[in-house]
Protein chains: 2
Amino acid sequence: MQALAVFPSQKRFGLLDIPEPQLSGATQVLLRLCEVGLCGTDREIASFEYGDPPSGADHLILGHESLAEVVELGREVRSLKRGDLVVAMVRRPCPHAECRACRAGRPDFCVTGDYTERGIKGADGFLTDYVVEDEKYLVRVPRALADVAVLVEPLSVVTKAADQAHAIFDRLSYDPGPQRGLVLGAGPIGLLGAMVLVANGFETLVYSRDSEESKPAELVRSLGAHYASSTIDPIEGLGTRWGQFDLIFEAVGFAPLMVGATQMLRANGVLALTGVPPKAATVELNAGRVLRDLVLRNQVVFGTVNAGRRDHLSAIQHLEQFMVLFPESVRTLITHRVPLDEVPQILTQKRGIKDVVEMTRAA
Amino acid sequence: MQALAVFPSQKRFGLLDIPEPQLSGATQVLLRLCEVGLCGTDREIASFEYGDPPSGADHLILGHESLAEVVELGREVRSLKRGDLVVAMVRRPCPHAECRACRAGRPDFCVTGDYTERGIKGADGFLTDYVVEDEKYLVRVPRALADVAVLVEPLSVVTKAADQAHAIFDRLSYDPGPQRGLVLGAGPIGLLGAMVLVANGFETLVYSRDSEESKPAELVRSLGAHYASSTIDPIEGLGTRWGQFDLIFEAVGFAPLMVGATQMLRANGVLALTGVPPKAATVELNAGRVLRDLVLRNQVVFGTVNAGRRDHLSAIQHLEQFMVLFPESVRTLITHRVPLDEVPQILTQKRGIKDVVEMTRAA
């Protein structure tokens, strides 16, 4: 069968033939891939900026946003049956006894940094026909979500952030009333963030560099949210025009915007950061203003990465909500479905909002 | 009776005679002040940098860290009796209907900024013999705590921070195991922060500019915590010598230290900011490193100010804990007790760690 792999030391990537995998453990599951979503991380790996092959290997099979069908079960697998649709979690525990996060099944909070991630760091991904996976890393998805369930993995990153923000708002011990949300960035993560905010009752504004006539802007408006383009509204004037926000969800990774976002927070507001800026980004910070506001206005800034099982379950619940509230908007997010042999081209040139590789149609 | 007041427009402060207050409402309580603690805010008000007299008045009676005895009760007061020891909460609700925080009795989360604060902003304080106060702003203190209960108000600021940090740690959904705490600053708030961390089982380091032989350093060691002086350990090397921390409690208000503290956070760590830096503090920030760590290591930074009723109740519980664990350390925190007529002098020249004004002895 074919797989799409990156050979970092040779600075090349492409299709290669690999043998079909076999079950070798009682809790394993053989999966046939249906779809694999592509994201910015895949493009970074394909340009050799990021990504590690499995230990001892010269290549890494790409793909971490999976949707697959169960085709064969190890004899001890109890939670799944043949024909089930599943999404595989991406991050796997580090081996260290002292990492209580990984030992507790929350490698997204790994404290050692020695976790692996399928398709990203030290473990092969899902851009192939069949994979073997342990039952415990799989999350079952209702078949009713089949056409959009490839979004569960990126959405789990957003629901992890949203559920943390919710827990932080709970510290207020009173009902804060109608809340306003700002999303920075209109890529798939930003747009999924906007959907979560709208579904949770926030009056929502999405701010991005895409024009007011762009596809993402249209999608935002289809949710009943507002859209502002940085080509028209410079960030400095955003507060004057749009006011301040209770929750800001950042999904850009541009350091000045991440720092500047604090000035758009209301009292008791929460800024959730999910973008990863370059290491060398330096910002001249009016620290006095930012820090005084944080303290005197009880504000919170937090970063969040990856997701655990409960965030995937939350993602599935949210996706079900979305398919009731704005099903066409969710479908519109997946702009292209391409076969595996077009992936090399699509990794170097992004086509739409979310490009998805069609491996086999869900039965 | 005498009161200590600041006349901001005349740039002077001193004692003045005022009439004894009388009960004028059914839910009011007449209090005789026992002790009033002094803090940095009082010194800022006494140097005319801060503080607002009540509307229409030319002076502000100082003092917000109170301990008082109930001497007379309005006819509808149910929760208190004559002879009870009480601490008055400092911040009072703003008048705006739209401020749900104030309407819910949490003016410490006021969203309009139009709250008042007794002894600080728009309302007279407690540096006098008798005051009238509404029952709902009073917190009863067990008589067993009489000799240290003047610390309840500053401690409530710390317990608000600690209880929020605790709620944020709860997002981890696993037991993080033994935790390490760093306190920045060894003033009363920092030292109370160290006590809270030690009482909650944190291995604790206090970092301050005071020497290793200073009284605060001794007090820190008496808790079983570690002490490091910035005169010996520059902040840049602190991580190398002392490692990283799960919870950092900042109580300095020095912007570069507040920003630099992020590099001492462990994965999943929480930085609680309580210091208020000058407005114009500018910091050259390696935003790339700070923001990447926040995101990739699930870190949280939050600011917190003032306290609500439940934080005062938490402060009383903590103080009870402290009086079992390290009673002498708590008593040592109150370095001086002085009469009212020495306050003008002590406001311009701080004597020890916590200077307390003795109004009348608790009966």
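The structure under discussion appears in the preceding block.
This structure is a prediction, so every number in the text was calculated from the model and none was measured.

Residue and element names in this part refer to chain B. Interaxial distance between helix H3 (residues 152-169) and helix H4 (residues 188-199) falls to 9 Å at its minimum, and their mutual angle equals 50°. When the axes of H3 and H4 are compared, the pair comes out oblique. The two elements H3 and H4 meet at a crossing, and its hand is right-handed. Residue-level inspection shows Pro154, Leu155, Val158, Thr159 and Ala162 of H3 in contact with H4, the latter providing Ile189, Leu192, Gly193 and Val196.

It is worth spelling out the state of the cysteines at this point. Within the structure shown, the criterion is met by 0 disulfides over all chains. Lacking any disulfide linkage, Cys110(A) is separated from the closest cysteine sulfur, that of Cys102(A), by 3.7 Å. Cys34(B) supplies the cysteine sulfur nearest to Cys39(B), a cysteine that is in no disulfide, at a spacing of 19 Å. With a relative accessible area of 15%, Cys39(B) lands in the buried category.

The next thing to look at is the packing of aromatic side chains. To describe a pair of aromatic rings, you give the distance between the ring centres and the angle between the ring planes. In this structure the tally under the stated criterion is 6 aromatic pairs over all chains. An angle of 55° between the planes, with centres 6.5 Å apart, marks the rings of Phe109(A) and Tyr174(B) as tilted. One end of the pair, Phe109(A), is in the loop between helix H2 (100-103) and strand S8 (116-118); the other, Tyr174(B), is in the loop between H3 and strand S12 (180-184), on a second chain. Between Phe322(A) and Phe326(A), the ring centres sit 5.5 Å apart and the planes meet at 35°, which makes this aromatic pair tilted. Phe326(A) matches Phe322(A) in its accessibility class, with the two residues each being buried. Positioned above the aromatic ring of Phe109(A) is the side chain of Lys160(A), whose terminal nitrogen or guanidinium carbon lies 3.9 Å from the ring centre.

What counts and what doesn't
Residues numbered from 1 in each chain as written. Chains lettered and ligands numbered in written order. Predicted model: local features only at pLDDT ≥ 70, side-chain atom pairs only at ≥ 80, totals over all residues. Heavy atoms only, no water. Axes fitted to C-alpha atoms, helices over the stretch in contact; angles between N-to-C directions. Helix = DSSP H or I, 4+ residues; strand = E, 2+ residues; numbered from the N terminus. Parallel < 35°, antiparallel > 145°, perpendicular 65-115°, else oblique. Left-handed = near helix turned anticlockwise from the far one by under 90°. Contact = heavy atoms within 4.5 Å. Disulfide = S-S within 2.5 Å. Buried < 20%, exposed > 50% of the residue type's maximum accessible area, 1.4 Å probe, protein only. Phe/Tyr/Trp six-rings, centres within 6.5 Å; stacked < 30°, edge-to-face > 60°. Lys NZ or Arg CZ within 6 Å of the ring centre and 35° of its normal.

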